[in-house]
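Here are the chains, one letter per residue:
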Amino acid sequence: MTKLMTIVEGFQTITEQYPTKVALCEKERKMTYQELDSLSNQLANRILALGVKQEEMIGIPNKKSIEFVVGILAILKAGCSYVPMDQNYPEKRLQFMVNDTEMNYYLNFSSDKSVFPYLPISPIAFSIDDVKEDNPIRFANISPSSLAYAIYTSGSTGNPKGVLIEHSSVVNIALASKMIKINNDNIVAQFSNLCFDAATYEIWGSLLNGACLYILANEYTSFDDWKLAIKEGRVDIAFFTTGLFNAIVDQDPSIFSGLQKMIIGGETISYYHVNIFKEHNEDITLIHAYGPTECTTFSLCYEVVEKNQEIIPIGFPLDNVEVKIITENGDEASVGEVGEINIAGSGVMRGYLNQPTLTSEVLVVNSENGNLYYKTGDYGIRLKNNAILYKGRKDN
């Protein structure tokens, strides 16, 4: 499958190959690729009937569910982009997001009440049960460079920043790395908060490869939930934040037994916990991944093969991704020299919504090759084998 395509094109290709295969699993509920395609068509038609603009941003509550996946796929089919919204966010933050995106609509999967009654946006009501027939969809004109979604960062230094990610970036993370590759016989855990970038890999990495997405729908997932997902749900690929990984290792490293591949990232890695994990789970492929929200999800990854490794890098760039280590003087660092990690290629954001000055500060053109690089604000060094080792935040 070519990587120069939209998410919708990628999904249509998979649906044609595996129409009756289960695409989504949430507790006792299951949905095939054909059913997901049909339901998202119906919702996309409803969205198009509202007269939405190209790339219009539509909100969606971040409740992990089959409905969420139907919703974001429908939004993309309508030529719009989705904005995950956490109902637990303060009203002031949600109001900022609505104003910043000029949002008019949000998807509402609750038939009895509005999810955001205090916000000046209109709900698009949709229930899986009310779909009676499959009407053909008038696909919107979208391209690989069309906007797919906006995710808002924490905003710890002021208002949150809307990170704009295009279709091609999502397709690249889903298809462009053998190390984090998902196959059509895998069952992938959808565990991450939908307002965070890891969910992008979980959802689209699964659906653009013909796998089954196993949705852990509980708001607070316990260790027992993970045991059930792996043992009975047969989940074999999962992403864990480093902190959660450490906590599970401390509690019971055998909880992971049954996984084929697990990816950890988001925080500084703990050698102690990795070594305990490797002692108990020699048959599980462990991937250490790195990538800021501004670069979709992951930009580099490294397979931890040996026990008791003294150095665990963040690894090597994914396909179609380039990484440079830049010194304080603006030169490319030599091997072993500390500098800022700069990332170019597929995955790099379009920019921050409505923040051109900040965007120009972090997205810079390299004078040597003309490529656009994202300045991560993270320090790293290049090792002799070309792997990148993380060395901390610049602002720390």
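None of the values given here were measured: they were computed from a predicted structure.

Analysis parameters
- Residues numbered from 1 in each chain as written.
- Predicted model: local features only at pLDDT ≥ 70, side-chain atom pairs only at ≥ 80, totals over all residues.
- Heavy atoms only, no water.
- Helix = DSSP H or I, 4+ residues; strand = E, 2+ residues; numbered from the N terminus.
- Rg over C-alpha atoms; globule rule 2.2 N^0.38 Å.
- Buried < 20%, exposed > 50% of the residue type's maximum accessible area, 1.4 Å probe, protein only.
- Contact = heavy atoms within 4.5 Å.
- Areas by Shrake-Rupley, 256 points an atom, 1.4 Å probe, with all protein chains shown as cover.
- Lys, Arg positive; Asp, Glu negative; His and termini not counted.
- Charge placed at Lys NZ, Arg CZ, Asp CG, Glu CD.
- Axes fitted to C-alpha atoms, helices over the stretch in contact; angles between N-to-C directions.
- Parallel < 35°, antiparallel > 145°, perpendicular 65-115°, else oblique.
- Left-handed = near helix turned anticlockwise from the far one by under 90°.
- Nonpolar A, V, L, I, M, F, W, Y, C, P; charged D, E, K, R; others polar.
- Phe/Tyr/Trp six-rings, centres within 6.5 Å; stacked < 30°, edge-to-face > 60°.
- Lys NZ or Arg CZ within 6 Å of the ring centre and 35° of its normal.
- Pairing = 2+ DSSP bridges.
- Right-handed = clockwise from strand over helix to strand, strands pointing away.

*Asks:* So what's going on with the overall build of the chain? Residues and values would help.
*Replies:* Secondary structure summary: the chain contains ten helices and 21 strands in total. Taking 2.2 N^0.38 as the reference for a compact globule, 396 residues should give roughly 21 Å; the C-alpha atoms of the chain span a radius of gyration of 21 Å, in line with that estimate. Overall, the C-alpha framework of the chain stretches about 60 × 50 × 40 Å when taken along its three principal axes. The buried share of the chain, reckoned over its 396 residues, is 59%. For the chain, the proportion of contacts with a sequence separation of at least 24, taken over those separated by at least 6, is 66%. Surface exposure of the chain reaches about 17,100 Å², of which carbon and sulfur atoms provide 47%. Positive and negative side-chain charges of the chain, numbering 32 and 48 respectively, have mean locations separated by a distance of 1 Å.

*Asks:* Before we move on, can you summarise the side chain of Thr15 with the specific residues and values?
*Replies:* Tracing the chain through its elements places Thr15 in helix H1 (residues 7-17). By relative accessible area, which is 8% here, Thr15 ends up buried. Setting aside residues up to four positions removed in sequence, Thr15 forms contacts with Tyr33, Gln34 and Asp37.

*Asks:* Could you give me a rundown of the packing of helix H2 (residues 33-48) against helix H3 (residues 66-77), with the residues and numbers involved?
*Replies:* For the pair H2 and H3, the least separation of the axes is 8 Å and the interaxial angle reads 55°. Our classification of the angle between H2 and H3 gives oblique. At the point where H2 passes H3, the crossing takes the right-handed sense. Mapping the contact onto sequence places Leu36, Asp37, Leu39, Ser40, Asn41, Leu43, Ala44 and Ile47 in H2 and Val69, Val70, Gly71, Leu73, Ala74, Ile75 and Lys77 in H3. Among the residues forming the contact of H2 with H3, the class breakdown is ten nonpolar, three polar and two charged.

*Asks:* If you had to explain the packing of aromatic side chains to someone new, which residues and values would you point to?
*Replies:* Taken as a whole and judged by the stated rule, the model has 15 aromatic pairs. Between Phe96 and Tyr152 the ring centres are 6.5 Å apart and the planes differ by 90°, which places this aromatic pair in the edge-to-face class. Of this pair, Phe96 sits in helix H4 (residues 91-101) while Tyr152 is found in strand S7 (residues 147-152), placing the two residues 56 residues apart along the sequence. By the ring-pair criterion, three or more aromatic residues cluster together here, those being Phe191, Trp226, Phe240, Phe245, Phe256 and Phe277. Directly above the ring of Tyr89 sits Arg93, whose terminal nitrogen or CZ lies 4.2 Å from the centroid.

*Asks:* Go over the pairing of strand S9 (residues 187-190) with me, naming the residues and quoting the values.
*Replies:* Side chains Ile187 and Ala189 project from S9 onto one buried face, and the interleaved Val188 and Gln190 project onto a second face that is buried too. Two strands pair when backbone bridges link them, and S9 and strand S10 (residues 212-215) are joined in this way by four bridges, in the parallel orientation. Its bridge partner being in S10, Ile187 is matched across the sheet by Cys212. Chirality of the crossover, the property in question, places the unit of S9, helix H6 (residues 198-207) and S10 among those that are right-handed.

Such coordinate-based values are descriptive only and should not be taken to indicate function.
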